[in-house]
Every structure is written in structure tokens, then in C-alpha cells.
Amino acid sequence: LLKPKAKKEASWVNKNFGKDCDKCVNFLTPTEIEDLLKDGKPKAFCRCWKSKTFPMCDGSHAAHNKETGDNTGPLVIKP
Ligand code: FES
């Protein structure tokens, strides 16, 4: 049997990012969003917590979906 804390960790969606704070939240200002999009290309933000380039999507959701049958995907912001 898993110990209580290990059991909780096994159920975490977010296993790696910002674990030193109570809630992992990222904020972008309108200026930061404008800067991000100034190259004219869409930007994809990870919503599956599997990306190695978090908070940006690196496509890791595809393997997660294939392995689990889940249907996660990124938030895409278009210029
Ligand atoms: Fe997480 Fe794409 S890697 S949504």
C-alpha cells in the first residue's frame, strides 16, 4: 500500500512545476502577450502538465493521450 502522502502525489496532475507554492498560477500581461505574438506565429500553452517546455506545449500531450485515452491539448493563442 502507498503511504498517504505518496498516494496523494500519485494522483497529482502537476507532478513537477512550482511545487514549492500552494497553487501554480502563471500570469501574462497584455504587453507580454503582444511580445509573444509579434513574430506572427500562433503560440500553444500546455494544459496537460506533461510538457518539458512548460508553460509552452511541446506536443507531449499526444503521448499522454495515446497512453491514457485522455483528450488533452494546448491553449493556442493566434496573432
Ligand atoms: Fe501539454 Fe501539449 S504538451 S498540452
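Predicted model, so just to flag it, every value in this text is computed and none were measured.

Definitions and cut-offs
Residues numbered from 1 in each chain as written. Predicted model: local features only at pLDDT ≥ 70, side-chain atom pairs only at ≥ 80, totals over all residues. Heavy atoms only, no water. 1 Å grid on protein atoms, 1.4 Å probe; cavity = no way out; pocket = protein on both sides within 12 Å on 5 of 7 lines; lining within 4 Å. Points joined across faces, edges and corners; volume = space filled by probe spheres on them. Nonpolar A, V, L, I, M, F, W, Y, C, P; charged D, E, K, R; others polar. pLDDT = per-residue confidence, 0-100. Helix = DSSP H or I, 4+ residues; strand = E, 2+ residues; numbered from the N terminus. Buried < 20%, exposed > 50% of the residue type's maximum accessible area, 1.4 Å probe, protein only. Arc of directions from axis to C-beta. Phe/Tyr/Trp six-rings, centres within 6.5 Å; stacked < 30°, edge-to-face > 60°. Lys NZ or Arg CZ within 6 Å of the ring centre and 35° of its normal. Contact = heavy atoms within 4.5 Å.

Novice: How should I be thinking about empty space enclosed by the protein in this particular structure?
Specialist: Unfilled space is identified by rolling a water-sized probe across the atoms. This structure, assessed with the given rule, holds one cavity of 30 Å³ or more. The computed volume of the largest cavity comes to approximately 40 Å³. Lining the largest cavity are Cys46, Arg47, Cys48, Ser51, Cys57, Asp58, Gly59, Ser60, His61, Gly73 and Pro74. The class makeup of the residues in the lining of the largest cavity is four nonpolar, five polar and two charged.

Novice: Quick question: what am I supposed to make of the confidence of the model for the protein here?
Specialist: Interpreting fine coordinate detail is not advised for predicted regions of low pLDDT. Of all residues in the protein, 92% attain a pLDDT of 70 or more, and the chain-wide mean is 91. Mean pLDDT values for the elements of the protein range from 75 in helix H1 (residues 4-10) up to 97 in strand E1 (residues 43-45). Interface confidence in the predicted complex, given as ipTM, is 0.99; pTM for the same model is 0.82.

Novice: What exactly am I supposed to notice about helix H3 (residues 60-68) here?
Specialist: Residues lying three or four places apart along an α-helix face the same way, a consequence of the helix completing one turn every 3.6 residues. What H3 keeps buried is the set Ser60, His61, His64 and Asn65. The buried side chains of H3 occupy one side of the element, clustering within an arc of 135° when seen end-on. Opposite the buried face of H3, by more than 90 degrees, sit the exposed residues Ala63, Lys66 and Glu67. Downstream of H3 by one or two residues, Gly69 has phi in the positive range, about 80°.

Novice: For this particular structure, what's the right way to read the packing of aromatic side chains?
Specialist: Under the definition given, this model contains three aromatic pairs. On the numbers, 6.3 Å between centres and 40° between planes, the contact of Phe17 with Trp49 is tilted. With Phe17 in the loop between H1 and helix H2 (30-37) and Trp49 in the loop between E1 and H3, this residue pair connects regions lying 32 residues apart in the sequence. Taking the centre distance of 4.7 Å and the plane angle of 20° together, the rings of Trp49 and Phe54 count as stacked. A connected cluster of aromatic rings, assembled from ring pairs, spans Phe17, Trp49 and Phe54. Its end group placed over the ring of Trp12, Lys19 keeps NZ or CZ at 3.8 Å from the ring centre.

Novice: How should I be thinking about the side chain of His64 in this particular structure?
Specialist: Take His64: it is sitting in helix H3. By relative accessible area, which is 16% here, His64 ends up buried. Those residues in contact with His64, other than ones at most four positions away along the chain, are Lys50, Gly69, Asp70 and Thr72.

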